Structure formats: structure tokens, C-alpha cells
Amino acid sequence: MSTDEFGQASHVGSHINLLRDLSGVGGVGPGTVDAIVVPTVAPHRVGPVIALAEALKCTIVLLCSTSVQSREIKTRYALPSNALCLTVPPWHSHPLLDFERRVMEKHTDIALKRNIGLLLARLCGWRTILFLDDDIRGMEPSLIRRAAALTEQYRVVGFQVPDFPDNSVVCHANRVSGGAQSTFMGGNALLVDTRRADTYFPAIYNEDWLFMYDAVADRSAGVAGKLRQLPYDPFSRNAATEEFGELIAEGLVRALHSGADVTTLYFWMDAIKKRSRFIEEVGDRLRGASSVGDERSPDRDRILRRLDEAKKRLLEISPLGCLSFYRTWRGNVGIWQRQLLDLPTSLTSQQAVRYLRLSSE
């Protein structure tokens, strides 16, 4: 990995040192999880998380994108009596969710669903919630309870998912090419203290990194262990849709290592240069290799096409656009926090569903 004139690498392969290692912390008793929030588009995959909710004796909130998915879950599984299986179409609108002052680069509906989870928690008075994706495995109830207890001290507590790693298309390509590439923690398995984690998930790729950003900056984010993710083909995705969120999130988190000022145009000019050089380096390694070594990865030419998608999108992004996004996002966090102050906090789950204009049909 090359370095620039300041001795800084084009890519930081691991940010794990920004997180507290809580895996070996002793003297921690079992904590309580009030609800598990599961954004899903795959009804056949939610069985293990339903079983986890039953073991933890907590509410499970299944947020589907279509009513067909919701009906399939209800047909396929015997849901607990307190379960919420809700339909959240991508166009779902509510004043509490329509506050963002800038049209974000919407990646999927995952940010919308996770924000609904946060609002349900506030409305119902749930203190600790677990965001969990439907393809995460290895969730032993004892591990989750222990991690939940750690939210007494930390705003967010998560897990690393080293195998199968959950990375962007470009970072998967970096790993395949032989580059150093770790995983961070994210919204795919994240315990949140809703009393103190008062940010939201913006509608861009890496929305979970931005949600955690203040907690990471304050050293109030920790890793409590490791979980697994079901394998998938990372190169089936279009890298262009991830590029803006990758640039923003990687730039902001990189700055936490160095203390750089992210409120200047110079910072974002430099971030774009580093990102461009990083993508070029990954491509050069792939083109120079005789084969791609990871048996789970597709052929090299397809990976290179994904890198080309990222490069073309990066050329469209300006330093001013990045700085504008940062300023607007910070303003939106303030709006979100003010909204939370006016919410009722002792509704029943069904009252909260009606409050948010959601459908359980």
C-alpha cells in the first residue's frame, strides 16, 4: 500500500483499535434485551432470530419490505404473541422520518427500517435493543445477554463478523487482491442503549458507521465477541451505489485515528485522492496476479468491472459535495435529537405501530 507525501497510506485496512475490546471483560452479569429489530427481505432466514428472541424473552420486530414477505413469515413460523411483523415499503413516509434536509444517496431501505426500530424503542420505552440482520448466525443467548449488560457503560456494543466478512465491494476486492482488510462492527449485530445513543441512520451506504460515529469518537463503542454471517457473492452488487457512503464513512473514521479536521475542503480533497489511489492499487494487484485466490470469489474480470464502477462514481464526487453532506448530516442529527424530546415514551407496541402509521397486515 503506497503512502502520500505526508506518509499516510491510501487505505486504513483496520479501524478495530478505535473500539473497546470487551470480549475479555470480567465480572459482567447477564443483561436484558428489550427487543430485537430485524430488517429483512428474506422470510426463510429469520428462524434463528425468532428463536433467539424466545430464548431472551424479548420482543422481536420483523421489518419487511412487502406485505408478501410479512405474510410468509406469519405462515412459516409460530411467532411469539408479542412479536411485531410489520410491512415497511421503501416509500413509507412519516413526519418523524422525513426530516433530512438534504436528499441522501439512498442505498437500500435499511436505514429507514433501522430508524423505525429506534423510534419504536423510544415510543415503547425499550432501553436496550439489538439490531440484527437475518443472515447473522452464532448468536448464543449467553453471549448476547453478557453484551447487553455492557451497554450500562457503553452506548453501542457490537460484534465482529470475520467470517463471512461484511465489507463493501471495493474492500472485498482489496482482500481478494491480497491487501490488508479487516472488518469493523456494524448494524448487522449491534446492541444500542437508546437512552444515550441519540443519533440516527442516514440514508446512504455505511449508514451504521455514521450512526455509531459519535459513540466511536467518544470511546463509548465496544466489541463483545464474534459472530458469523452467511456467505454471499459480494461482487453481484453494483459498487457505484456504495461509493459515496464508502468515501464519507472511511474518511470520517480515518480522521478519528489522526485527529484531522473533517470540516475543511482540504480534508475531503485529500480523502478523494486517497480513495482514488486505493482503488487503483487494488486493480493493479488484481491485474498483476495470475489468479484470484479466494475460492468464494468470482473471476477477476468481474471484480475489475466492479472497481471500474466505483472509479466512475468517485469521479462524480466533489470535495464540496462531501463537506456539504457532512454539515447537513450534523444538522440532521440535531433535528433528530430534538424530535426525540417530544415523543411519548410509554405506548404499547400496537399503539406505537399506529403512531408510526405502520401496517402489521
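Residues numbered from 1 in each chain as written. Predicted model: local features only at pLDDT ≥ 70, side-chain atom pairs only at ≥ 80, totals over all residues. Heavy atoms only, no water.

1. Quick notes on the overall build of the chain
Alright, step 1. If you tally the helices and strands in the chain, you get 11 helices and 10 strands.
Alright, step 2. Relative to its length of 361 residues, the chain is compact, with a C-alpha radius of gyration of 20 Å against a globular reference of 21 Å.
Alright, step 3. Reported as C-alpha extents along the three principal axes, the dimensions of the chain are approximately 55 × 45 × 45 Å.
Alright, step 4. The burial tally for the chain puts 57% of its 361 residues in the buried class.
Alright, step 5. For the chain, the exposed surface amounts to about 14900 Å²; the carbon and sulfur share of it is 50%.
Alright, step 6. A gap of 3 Å separates the mean positions of the 44 positive and 42 negative side-chain charges of the chain. (Helix = DSSP H or I, 4+ residues; strand = E, 2+ residues; numbered from the N terminus. Rg over C-alpha atoms; globule rule 2.2 N^0.38 Å. Buried < 20%, exposed > 50% of the residue type's maximum accessible area, 1.4 Å probe, protein only. Areas by Shrake-Rupley, 256 points an atom, 1.4 Å probe, with all protein chains shown as cover. Lys, Arg positive; Asp, Glu negative; His and termini not counted. Charge placed at Lys NZ, Arg CZ, Asp CG, Glu CD.)

2. Here's the deal with the packing of helix 5 (residues 169-176) against helix 8 (residues 265-288)
Alright, step 1. Between helix 5 and helix 8, the shortest axis-to-axis distance is 9 Å and the interhelical angle comes to 45°. One element, helix 5, and the other, helix 8, form an angle in the oblique class. Considering the relative orientation of helix 5 and helix 8, their crossing is left-handed. Of the residues in helix 8, those in contact with Val-170, Ala-173, Asn-174 and Val-176 of helix 5 are Arg-275, Phe-278, Ile-279, Val-282, Arg-285 and Leu-286.
Alright, step 2. The residue inventory of the contact of helix 5 with helix 8, partitioned by class, reads seven nonpolar, one polar and two charged. (Axes fitted to C-alpha atoms, helices over the stretch in contact; angles between N-to-C directions. Parallel < 35°, antiparallel > 145°, perpendicular 65-115°, else oblique. Left-handed = near helix turned anticlockwise from the far one by under 90°. Contact = heavy atoms within 4.5 Å. Nonpolar A, V, L, I, M, F, W, Y, C, P; charged D, E, K, R; others polar.)

3. Some points on unusual backbone geometry
Alright, step 1. A positive phi is found at Lys-57, a non-glycine position, where the angle reads about 55°.
Alright, step 2. Following the sequence through the fold, Lys-57 ends up in the loop between helix 1 (47-56) and strand 3 (59-64).

4. Structural notes on the side chain of Asp-109
Alright, step 1. Counting through the fold element by element, Asp-109 comes out in the loop between strand 4 (84-87) and helix 3 (110-124).
Alright, step 2. When residues no more than four places from it in sequence are discounted, the contact partners of Asp-109 are Ser-65, Val-88 and Pro-90.

5. Focus on the confidence of the model for the chain
Alright, step 1. Averaged over every residue, the pLDDT of the chain is 91; the share at 70 or more is 93%.
Alright, step 2. Between residues 1-7, whose pLDDT stays under 50, and residues either more than four places distant or in other chains, the model counts 19 contacts.
Alright, step 3. Across residues 291-297 the pLDDT falls below 50, and counting only partners more than four positions away or on other chains, this stretch makes 11 contacts in the model. (pLDDT = per-residue confidence, 0-100.)

6. A look at the sheet that holds strand 8 (residues 189-193)
Adjacent strands of a sheet pair through backbone hydrogen bonds, lying either parallel or antiparallel.
Alright, step 1. Judged by pairing direction, the sheet is mixed, and its eight strands sit side by side in the order 1-9-7-8-5-2-3-4 without closing on themselves. Looking at the sheet topology across the chains shown, the edges are occupied by strand 1 (20-21) and strand 4.
Alright, step 2. Where strand 2 (residues 35-40) and strand 5 (residues 128-132) come together, three bridges link them in parallel fashion. By the bridge assignment for strand 5, Val-37 is matched with Phe-131.
Alright, step 3. Strands in contact with helix 3 are strand 2, strand 3, strand 4 and strand 5; relative to strand 5, the strand with the most contacts, it is inclined by about 165°. (Pairing = 2+ DSSP bridges.)

7. Notes on the packing of aromatic side chains
Two descriptors summarise a pair of aromatic rings, namely the distance from one centre to the other and the angle between the planes of the rings.
Alright, step 1. By the definition in use, this model includes 10 aromatic pairs.
Alright, step 2. Ring geometry for Phe-131 versus Phe-201: centroids 5.4 Å apart, planes at 80°, classification edge-to-face. Here the residue Phe-131 occupies a position in strand 5, and Phe-201 occupies one in the loop between strand 8 and helix 6 (207-217), the gap between them amounting to 70 residues. Comparing Phe-131 with Phe-201 shows no difference in burial state: the two are buried.
Alright, step 3. Summarising the aromatic geometry, the rings of Phe-244 and Phe-325 are spaced 5.4 Å apart at their centres and angled 85° between planes, so their arrangement reads as edge-to-face. Remark: Phe-325 occurs in helix 10 (residues 319-341) and Phe-244 occurs in helix 7 (residues 240-258); sequence separation between them is 81 residues.
Alright, step 4. Of the residues examined, Phe-244 reaches a relative accessible area of 3% and is grouped as buried. (Phe/Tyr/Trp six-rings, centres within 6.5 Å; stacked < 30°, edge-to-face > 60°.)

8. Some points on the state of the cysteines
Alright, step 1. Within the structure shown, the criterion is met by zero disulfides.
Alright, step 2. In this structure Cys-85 is a free cysteine whose sulfur lies 4.2 Å from that of Cys-64, the closest cysteine sulfur available.
Alright, step 3. A relative accessible area of 4% places Cys-85 in the buried class.
Alright, step 4. Cys-58 provides the cysteine sulfur closest to Cys-124, a residue in no disulfide bond, and the two sulfurs are 13 Å apart. (Disulfide = S-S within 2.5 Å.)

9. Observations concerning a nonpolar patch on the surface
Alright, step 1. There is a patch of nonpolar side chains on the surface, built from Leu-265, Met-269 and Leu-320 and spanning about 280 Å² of accessible area.
Alright, step 2. In this fold, Met-269 is placed in helix 8.
Alright, step 3. Its relative accessible area of 39% is what places Met-269 among the partly exposed residues. (Patch = residues over 30% accessible without salt bridge, like charges linked within 9 Å, V, L, I, M, F, W, Y side chains within 5 Å. Salt bridge = Lys/Arg side-chain N within 4 Å of Asp/Glu carboxyl O.)

10. Observations regarding the pairing of strand 3
The side chains of a regular strand alternate, residue by residue, between the two faces of the sheet.
Alright, step 1. For strand 3, the buried fraction is high: six of the six residues fall into the buried class.
Alright, step 2. Alternating positions in strand 3 separate into two faces, Thr-59, Val-61 and Leu-63 on one and Ile-60, Leu-62 and Cys-64 on the other, with burial throughout.
Alright, step 3. Read as a crossover between parallel neighbours, the route from strand 2 over helix 1 to strand 3 is right-handed.
Alright, step 4. Pairing of strand 3 with strand 4, which is carried by four bridges, proceeds in the parallel orientation. The partner of Leu-62 across the bridge, within strand 4, is Cys-85. (Right-handed = clockwise from strand over helix to strand, strands pointing away.)

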